Amino acid sequence: MPDAPRWRRYLRFWRPNVNADVDDELEFHLAERVDELVGLGMDEVAARAYALRRFGDLRRVRDTCRDLAHHQEADMRRSETLDILRRDIVYATRMLRSNAAFTAAVVLTLALGIGATTALFSVVNSVLLRPLPFADSDRIAVLFETFNGGRGRVSVGHFYDWTEQSTVFSATSAWQSRTYTLTDGEPTRLFGARVTPSFFTVVRIAPELGRYFLPTETEASRVVVLSHGFWLTRYDGDPNIIGRDITLGGERHTVVGVAPAAFNLTPTEERLWTPLSFTPEQRNNYGAHSTFVLGKLKPEATLADAQRELERVTEDIRRRHPDNMKQRGVEVRAWSDTLVESYQTQLWVLLGAVTFVLLIACGNVASLLLARATSRRKEIAIRGALGGARTRLVRQLLTESLLLASLGGVAGLVVAAFGVRFLVGAGPTYVPRLAEASLSLDVLGFAVVATVASGLLFGLAPALRATRVDLQTELREGGRGSRAIVRDRTRAALIVTEIAGALVLLVSAGLFLRSIDRLQRVPLGFDPNGVTMVRVALPQDRYSDSTAPQRAFTAMVERIRSIPGVEMAAAGTRVPMWGGSIDVGVTVDGVKQNADRVNVGHVRMVSAGYLETLRMPIKRGRSLREADLAGGAPWVVVVNETFARNVFGDADPLGMRISGWASEENRQWREIVGVVADAHAFGQAEDIPPEIYMPYTQAPDGAWAAFGRSAAIIARAPAGTAIAPAMRRAIQGVDPLVPLYDAQTMDEVLAQAMRMRRFNTTLLSLLGLTGLVLSAIGIYGVIAFFVSQRTHEIGVRVALGASTRSVVRMVVGQALVLATLGVLLGGALALGTTRVLSSMLFEVGARDPVAFVAAAFTLLLVALGAAWMPARKAARVDPMKALAG
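What you see is a predicted model; the values in this text were computed from it and never measured.

Describe the overall build of the chain, with residues and values.
When you go through the chain residue by residue, the secondary structure sums to 28 helices and 23 strands. Expressed as a percentage of the 885 residues in the chain, the buried residues total 48%. Total accessible area computed for the chain in this model is approximately 41,500 Å², and 57% of it derives from carbon and sulfur atoms.

Before we move on, could you go through the packing of aromatic side chains and cite the residues and values that matter?
Scanning the model with the defined rule gives 20 aromatic pairs in all. Relative to Phe 278, the ring of Tyr 160 has its centre 5.9 Å away and its plane inclined at 85°; by these criteria the two rings are edge-to-face. Within this pair, whereas Tyr 160 is found in helix 6 (residues 156–165), its partner Phe 278 is found in the loop between strand 10 (272–275) and helix 9 (280–283), the two being separated by 118 residues in sequence. Each member of the pair, Tyr 160 as well as Phe 278, carries the same accessibility label: buried. Here a set of aromatic residues connected by ring pairs shows up, and it is made of Phe 134, Phe 199, Phe 200, Tyr 212, Phe 213, Phe 263, Trp 273 and Trp 335. For Arg 151, the ring lying beneath its charged end belongs to Phe 144, and the centroid distance is 4.9 Å.

Run through helix 22 (residues 724–734), naming residues and quoting values.
Of the residues making up helix 22, those classed as buried are Ala 726, Met 727, Ala 730 and Ile 731. For helix 22, the arc enclosing every buried residue in end-on projection is 135°, short of the 170-degree limit, so these residues lie on one face. Those residues of helix 22 that are buried are in contact with strand 13 (531–537), helix 18 (548–561), strand 22 (710–716) and strand 23 (740–745).

Residue-level account of the nonpolar core, with values.
By size, the foremost hydrophobic cluster in this structure holds 96 residues, and its most contacted members are Phe 199, Phe 200, Val 203, Phe 263, Trp 273 and Trp 335. Per-element accounting of this core gives the leading share, 13 residues, to helix 17 (residues 489–521). Of all hydrophobic cores here, the second largest spans 48 residues; its members include Tyr 543, Ile 658, Val 675 and Ile 692.

Could you give an account of the packing of helix 6 against helix 10 (residues 303–320), with specific residues and numbers?
Viewed as axis vectors pointing N to C, helix 6 and helix 10 meet at an angle of 130°, and their least axial separation amounts to 10 Å. With respect to their mutual orientation, helix 6 and helix 10 come out oblique. Here helix 6 runs over helix 10; the crossing is right-handed. Taken together, the residues of helix 10 that come into contact with helix 6 (itself represented by His 158, Asp 161, Trp 162 and Gln 165) are Leu 310, Arg 312, Val 313, Thr 314, Asp 316, Ile 317 and Arg 320. Along the lines of polarity and charge, the residues of the contact of helix 6 with helix 10 split into four nonpolar, three polar and four charged.

Please give an account of the pairing of strand 9 (residues 251–258) that cites residues and values.
In summary, the side chains of a regular strand alternate between the two faces of the sheet. Bridging between strand 6 (residues 209–210) and strand 9 involves two bridges; their strand directions are antiparallel. When the sheet's bridge partners are listed, Gly 210 is paired in strand 9 with Gly 257. Across four bridges, the pairing between strand 7 (residues 223–226) and strand 9 is parallel. Bridged to Val 225 within strand 9 is Gly 257. The sheet contact formed by strand 8 (residues 245–248) and strand 9 spans four bridges and is antiparallel. From the neighbouring strand, Leu 248 faces strand 9, where its bridge partner is Glu 251. What sits between the antiparallel neighbours strand 8 and strand 9 is a turn of two residues, in which Gly 249 has the positive phi angle 60°.

Give me the lowdown on the pattern of salt bridges, citing residues and values where you can.
Enumeration according to the criterion identifies 32 salt bridges in this entry. Between Arg 622 and Asp 628 there is a salt bridge whose closest N-O contact spans 2.8 Å. Among the residues examined, Asp 628 registers a relative accessible area of 7% and is labelled buried. Taken together, the shared-partner salt bridges in this structure form one network comprising Asp 161, Asp 316, Arg 319 and Arg 320.

How would you summarise a nonpolar patch on the surface if you had to cite specific residues and measurements?
Together, Leu 402, Val 448, Val 452 and Leu 456 make up an exposed nonpolar region whose accessible area comes to about 310 Å². As for its position among the elements, Leu 402 is in helix 14 (residues 390–426).

For the environment of Leu 26, give the residues involved together with the corresponding values.
Looking at the element boundaries, Leu 26 is found in helix 2 (residues 18–39). Its relative accessible area of 12% is what places Leu 26 among the buried residues. For the pair Leu 26 and Cys 65, spaced 39 residues apart in sequence, the C-alpha separation works out to 9.3 Å. Residues within four places of Leu 26 in sequence aside, it is in contact with Phe 55, Leu 58, Val 61 and Arg 62.

Give a description of a negative patch on the surface that names residues and reports values.
A cluster of acidic residues, Glu 32, Asp 35, Asp 43 and Glu 44, forms a negative patch on the protein surface. Tracing the backbone through its elements, the reader meets Asp 35 in helix 2. Judged by relative accessible area, which is 53%, Asp 35 ranks as exposed.

Can you lay out the packing of helix 17 against helix 26 (residues 804–833) for me, pointing to particular residues and giving the numbers?
Relative orientation of the contacting elements helix 17 and helix 26 amounts to 45°, with a least axis distance of 7 Å. The orientation of helix 17 with respect to helix 26, classified from their angle, is oblique. Our pair here, helix 17 against helix 26, has a crossing hand that is right-handed. Here Ala 492, Ile 495, Val 496, Ile 499, Ala 500, Leu 503, Val 504 and Val 507 of helix 17 lie close against helix 26, whose contacting residues are Leu 818, Ala 819, Leu 821, Gly 822, Val 823, Leu 825, Gly 826, Gly 827, Leu 829, Ala 830 and Thr 833. Residues that form the contact of helix 17 with helix 26 fall into these classes: 15 nonpolar, four polar and no charged.

Explain the environment of Thr 490 to me, and be specific about the residues and the numbers.
If you trace the backbone, Thr 490 turns up in helix 17. For Thr 490 and Leu 370, which are 120 residues apart along the polypeptide, the C-alpha to C-alpha distance reads 8.4 Å. Excluding residues that lie within four positions of it along the chain, Thr 490 makes contacts with Leu 370 and Arg 465.

Explain unusual backbone geometry to me, using residue names and the numbers behind them.
Not every positive phi belongs to a glycine, and Asp 136 is a case in point at roughly 55°. Given a relative accessible area of 40%, Asp 136 falls into the partly exposed group.

Give a description of helix 6 that names residues and reports values.
Taken across its 10 residues, helix 6 has seven buried, putting it largely inside the fold. Residues of helix 6 that are buried: Val 156, Gly 157, His 158, Phe 159, Tyr 160, Asp 161 and Trp 162.

Before we move on, can you summarise the side chain of Glu 309 with the specific residues and values?
Looking at where Glu 309 falls in the secondary structure, it is placed in helix 10. A distance of 2.4 Å separates a polar side-chain atom of Glu 309 from the backbone nitrogen of Thr 167. Excluding residues within four positions of it along the chain, Glu 309 makes contact with Ser 166, Thr 167 and Val 168.

Can you break down the confidence of the model for the chain residue by residue, with the values?
Chain-level pLDDT for the chain is 83 on average; 89% of the residues reach the 70-or-more range. Predicted confidence for residues 7–13 stays below pLDDT 50, and this span has 10 contacts to residues more than four positions away or in other chains. Here residues 479–487 is modelled with pLDDT under 50, and outside its nearest four sequence neighbours on either side it reaches 15 contacts, counting other chains as well.

What counts as what
Residues numbered from 1 in each chain as written. Predicted model: local features only at pLDDT ≥ 70, side-chain atom pairs only at ≥ 80, totals over all residues. Heavy atoms only, no water. Helix = DSSP H or I, 4+ residues; strand = E, 2+ residues; numbered from the N terminus. Buried < 20%, exposed > 50% of the residue type's maximum accessible area, 1.4 Å probe, protein only. Areas by Shrake-Rupley, 256 points an atom, 1.4 Å probe, with all protein chains shown as cover. Phe/Tyr/Trp six-rings, centres within 6.5 Å; stacked < 30°, edge-to-face > 60°. Lys NZ or Arg CZ within 6 Å of the ring centre and 35° of its normal. Arc of directions from axis to C-beta. Contact = heavy atoms within 4.5 Å. Core = buried A, V, L, I, M, F, W, Y, C linked by side-chain atoms within 4.5 Å. Axes fitted to C-alpha atoms, helices over the stretch in contact; angles between N-to-C directions. Parallel < 35°, antiparallel > 145°, perpendicular 65-115°, else oblique. Left-handed = near helix turned anticlockwise from the far one by under 90°. Nonpolar A, V, L, I, M, F, W, Y, C, P; charged D, E, K, R; others polar. Pairing = 2+ DSSP bridges. Salt bridge = Lys/Arg side-chain N within 4 Å of Asp/Glu carboxyl O. Patch = residues over 30% accessible without salt bridge, like charges linked within 9 Å, V, L, I, M, F, W, Y side chains within 5 Å. Lys, Arg positive; Asp, Glu negative; His and termini not counted. Charge placed at Lys NZ, Arg CZ, Asp CG, Glu CD. Polar contact = N/O pair within 3.5 Å; in protein donor to acceptor, adjacent residues only side chain to side chain. pLDDT = per-residue confidence, 0-100.

Encoded structure:
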């Protein structure tokens, strides 16, 4: 038999070669048969040919044997690997049980980091990452009209021209928000929408019950589709709801369908939908911008294609209707982006911040493992001396780390469950799909990945460090090496990195705190204290006359003024910080219209006493009086400072006449009798709009219908007085069938306007505080380890006359060096990362020196505090005991 198989087998002791083994085995049996035939007197060549012929298809037999051998080898390796893994897990479990305090500290630290990260990822996944539930949702686009740099709703004329002249959309739909009065049972005001029947083609998802609108159905069809939530809450999920009539605005509507639960992603989360159609006059209207437009792109079309085509159509509209197209254009955006564009940056920033917390937690655990590895040097040396390869030892230590991470991950899921509930409860209710955040399968997958990554991240460096030992030195010292001076640069680097991460979190939290402080200092332009608001919507069937709404609101205000404790009361179609707005183009009597610029005013129809109730100061002229609301009184308005500045510049606006909400052929001139102080209508961080306050008895044609025949009744009473129930009774005394909604104080309105900013600030502050605490624990651990390692040296220093102060200074100095390095690194890191916060801040730069200095000073103080206890312990070292040890 040749020598090759023997030495090859010796080499394969280190790594099996299945193919060669099979070849050797077959060659051996073939050679044995040839030798047997030669012994019987046959020629060797003939014997080999005869043996091969009798053997059969050698190639097929070789392939079959190789396949079987490979399967057997794989099974053996798998069994061996699982057995080694089982033994590693058993050993790791035993080690962790013997150090219960250490295990608990690590698990709690990881649970906090993994749980917080998983909870916030659940929100990001629900709001930003998860696909919309509609068919081909990536092809749904929103079509906007742009005006003077902003974008907004679309005229009916634009909608029809875009639909009829474009070739990139398979369907388009118009959508208008509405409120409805449901008078079956207790009167209820509902948010809903009027939509063209193609709406349910664009945002296609199968109905829960019934059907959607037919292409031929209009308002006259009196049909309605209910939302899933409204069907459950109002009708107890009645499966026989289809075909049933309900009363909306005094008119009977037949329920033809129920949308599924996932159909909740339109701007106002409407409770029901009714058909929308347009008259020929409306189709030719390019000046009233009141419609949202959605379109579904054809499979081969892109957003860029749609943008180019609609720009072409819009230019044609500009040539035909130049007066309605001043400063106007078109913009096409993906619907998914439009839904979440206000929250994308904020949520990614928060996820990045919580990831910093997880990294700081991993750094702390790695530091603990490094300290623990020092006490296990003799154990590792003995295992190495007994033949344990370094890779085997590293795998054992990594198994311990992954087991710790797994325990932390399981505990983190508990933290994440509570975290998701907190985020959903504390977050603004208007964030799309926030309420759907949960520990879904993809979130659990993220938690598993985060757990494994954390285990490898904090376990690899300690494992490599622990297995890098000198066996002879460690065994000869009999374990005394653990008391030798170890200058652990790895742990120091980890702490420096932790402090840097904590500084980034603290700077970010400081920027948000500074921003919200600046925001709260912005003058509102009105006094919200003691003001209560109740919104009222009048049903069309009983208030269709143009003067009926103003008579009803006047009677309600009079009743509320008679409530004990009410100082004053009024009504208006909108209050600051709450409700929709309608803007109109304005013409000034006697002033030539600028062809390139449109004067715009946001209309507020109000009663007498409205400005006084909100304590909005008059800057020039006078306020609106009761006499202005009397029949036959001259038409007057009060404008705010922004309107006066935009339209008249430095000139005095008093006595000037303006017209708006009217055609050029039928101007309705109104005299400006006063200028009121600017009030933040849409939020303290938003620009102040130009506003026009007109008596609601002088409402333009169609104005009450445009405002949905609704108004806010406001009343001022001493702070702390609950007058909402009395206001409700007074209003129902005028009309018991009128539904009331949005009853709240103006302080609550302000709180809602600030809710997202407060949410971001609170969460970042909590994360910053968590990072600070974890960094303090890390500094304490490193300095305490430093003291324990240098106890002998400190004893010598004290024996030679070193004072307590010098020992404390030495130990605290070590902490300050680490903290200073961390602050410098973190400052450089924060300068780069905080730039993404710029769009979320108010009157504070992303590099605000106050936030940076305060965060650095706080971290240095915490570092001093964390080092103080180990320093005091070092100062009390007994030199005799230290030298004897």
